[in-house]
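If you want the building blocks of each chain, they are given just below.
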Amino acid sequence: MSSVKNSPTTSAAKPAVDLGEDNGPLLARIFKLQSVWILCVLIGICLIFSLAAGSKFFAWSNIATITQNVSIWAVLGVGMTFVIITSGIDLSIGSVLVFSSVVSAKVMEAIGGDGVGVALAGIVAAVLSGVAWGVINGVLIAKSKIPPLIVTLGTLSIALGLAQIITGGLDIRAVPDSLSDTIGYGRVLGIPMLTLIALIVLIIGGIALHKTRFGRYTYAVGSNEEAARRVGVKVSRHLIKVYGMTGMLAGFAGLLSLAQYSTTTIAGQSLTNLNVIAAVVIGGTSIFGGEGSIFGTVVGLFIPAVLLSGFTILGVTPYWQTVAVGTVLIAAVYVDQSRRSAASRGAKSARRKAKPAAAEPATTPASA
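Predicted, not measured: the structure shown is a model, and the values here were computed from it. (Residues numbered from 1 in each chain as written. Predicted model: local features only at pLDDT ≥ 70, side-chain atom pairs only at ≥ 80, totals over all residues. Heavy atoms only, no water.)

(A) Representation of a nonpolar patch on the surface. Among the surface-exposed residues, Ile136, Leu140, Ile146, Leu149 and Ile150 lie close enough to one another that they form a single nonpolar patch of about 390 Å² accessible area. When residues of the nonpolar patch are traced back to their parent elements, those giving at least two are helix 5 (116–142) and helix 6 (148–167). Take Leu149: it is sitting in helix 6. (Patch = residues over 30% accessible without salt bridge, like charges linked within 9 Å, V, L, I, M, F, W, Y side chains within 5 Å. Areas by Shrake-Rupley, 256 points an atom, 1.4 Å probe, with all protein chains shown as cover. Salt bridge = Lys/Arg side-chain N within 4 Å of Asp/Glu carboxyl O. Helix = DSSP H or I, 4+ residues; strand = E, 2+ residues; numbered from the N terminus.)

What follows is the structure in structure tokens.
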């Protein structure tokens, strides 16, 4: 009698790793993006206003006004996109904008004159002020482990209070013409200078987020902070950099605001932080972290600006803009949360199906 024993076959199969890739059809992948759906909403709003207002809505002067109104928010939105992708928040950007514009105006007033050098000194002062507040936020969040909501709520109050102490609560109007005439009211080929500056910031921000190691680390920290730390990402240092960059952009936005209005706007930025956060979230950046894009932020920024312009042309009270933006914001967060819940249920179902297959014996019984 001879017995034949079937040798077990061992396979060194690699474990399945979810890299977040979707290999489905391109069109299906595109329409899964929240930013694409929000873009469709924006296009629909534009079509409705164009039908209701006729040629006034798509007039070049109106388009230029819309883009100019979005410009300062766009600069702030780039930094906020990075922060929210890390699963953080920055409520202080409006106050940092005000503080930086006050410091910049005070520096230029102290130097005196109306030359380009004075304007450059104001730019440097605004940016450095913003960086300082951003680094303070980052250190308190990353090193002291205080929640971002609490830290930035505190610095919101401190920065605004210091701006009011410095100025006595009165706006500073001593802004050099060299600043307001070039950046504030200047145009290149009919395009407002503010719009061009914002476009440059958006392009640089998009490249940094989507094409550099800094951007990849930002997504990694927001997706899973502990896992990012285990693979070598210096999470605390990265968070300080992200909040420092956000503060820098808030300071620069303060300079742009100073150039546009030729005065500080101490009482005019109370809702800036909420508007920017709303725009970033509406554009598809998840409040849970790890997901977002600069393109989505741009789309989200244009929704309130287009609503305000359309309501103004139609003679509708602009207060409806706030109602509409709040509604879209809640809807966007609901869609994001529902999508994440569905993905989580799908992952659990896949793991349950994989367990019986893994439990099957890898060898066949011996046969005589």
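(B) Spotlight on a positive patch on the surface. Together, Lys143, Lys145, Lys234, Arg237 and Lys241 give the surface a local cluster of positive charge. Mapped onto the elements, Lys234 comes out in the loop between helix 10 (225–230) and helix 11 (235–261). (Lys, Arg positive; Asp, Glu negative; His and termini not counted. Charge placed at Lys NZ, Arg CZ, Asp CG, Glu CD.)

(C) Up close: the side chain of Ser71. Residue placement: Ser71 occurs in helix 3 (residues 60–85). Using a relative accessible area of 1% as the deciding quantity, one classes Ser71 as buried. A distance of 3.5 Å separates a polar side-chain atom of Ser71 from the backbone nitrogen of Thr195. When sequence neighbours within four positions are dropped, the list of residues in contact with Ser71 reads Leu194, Thr195 and Ala198. (Buried < 20%, exposed > 50% of the residue type's maximum accessible area, 1.4 Å probe, protein only. Polar contact = N/O pair within 3.5 Å; in protein donor to acceptor, adjacent residues only side chain to side chain. Contact = heavy atoms within 4.5 Å.)

(D) Inspection of the nonpolar core at higher detail. Grouped together as the largest cluster of nonpolar side chains are 88 residues, with contacts concentrated most on Val75, Leu179, Ile183, Leu256 and Val306. In this structure Ile183 touches Met193, Leu194, Ile197, Leu255, Leu256 and Ala259, once residues within four positions along its chain are discounted. (Core = buried A, V, L, I, M, F, W, Y, C linked by side-chain atoms within 4.5 Å.)

(E) Representation of the layout of surface pockets. Of the voids in this model, the second largest pocket is the one considered here, and its volume is about 700 Å³. Around the second largest pocket, the lining is made up of 28 residues, and of these Trp73, Leu271, Asn275, Leu308 and Gln321 lie nearest the centre. Of all the secondary-structure elements, those providing two or more residues to the lining of the second largest pocket are helix 3, helix 11, helix 12 (272–282), helix 13 (294–314) and helix 14 (319–359). Per element, the largest residue contribution to the lining of the second largest pocket is 7 residues, and it comes from helix 3. (1 Å grid on protein atoms, 1.4 Å probe; cavity = no way out; pocket = protein on both sides within 12 Å on 5 of 7 lines; lining within 4 Å. Points joined across faces, edges and corners; volume = space filled by probe spheres on them.)

(F) Layout of helix 4 (residues 93–111). When the terminal C-alpha atoms of helix 4 are compared, their 27 Å separation across 19 residues agrees well with the 27 Å that a helix rising 1.5 Å per residue should span. In terms of burial, helix 4 is largely enclosed, as 14 of its 19 residues are buried. (Expected span 1.5 Å × (residues − 1).)

(G) Structural context of the pattern of salt bridges. Applying the stated criterion to the full structure yields 4 salt bridges. For Lys106, the salt bridge identified is with Glu109, shortest N-O distance 4.0 Å. Here Glu109 and Lys106 lie together in helix 4, a separation of 3 residues that amounts to about one turn. With its nearest N and O atoms 3.3 Å apart, the salt bridge here joins Arg229 to Glu225. On the criterion of helical spacing, the pair formed by Arg229 and Glu225 is a turn pair, its members being 4 residues apart in helix 10. Judged by relative accessible area, which is 34%, Arg229 ranks as partly exposed. Because the salt bridges share partners, they merge into one network encompassing Glu225, Glu226, Arg229 and Arg230.

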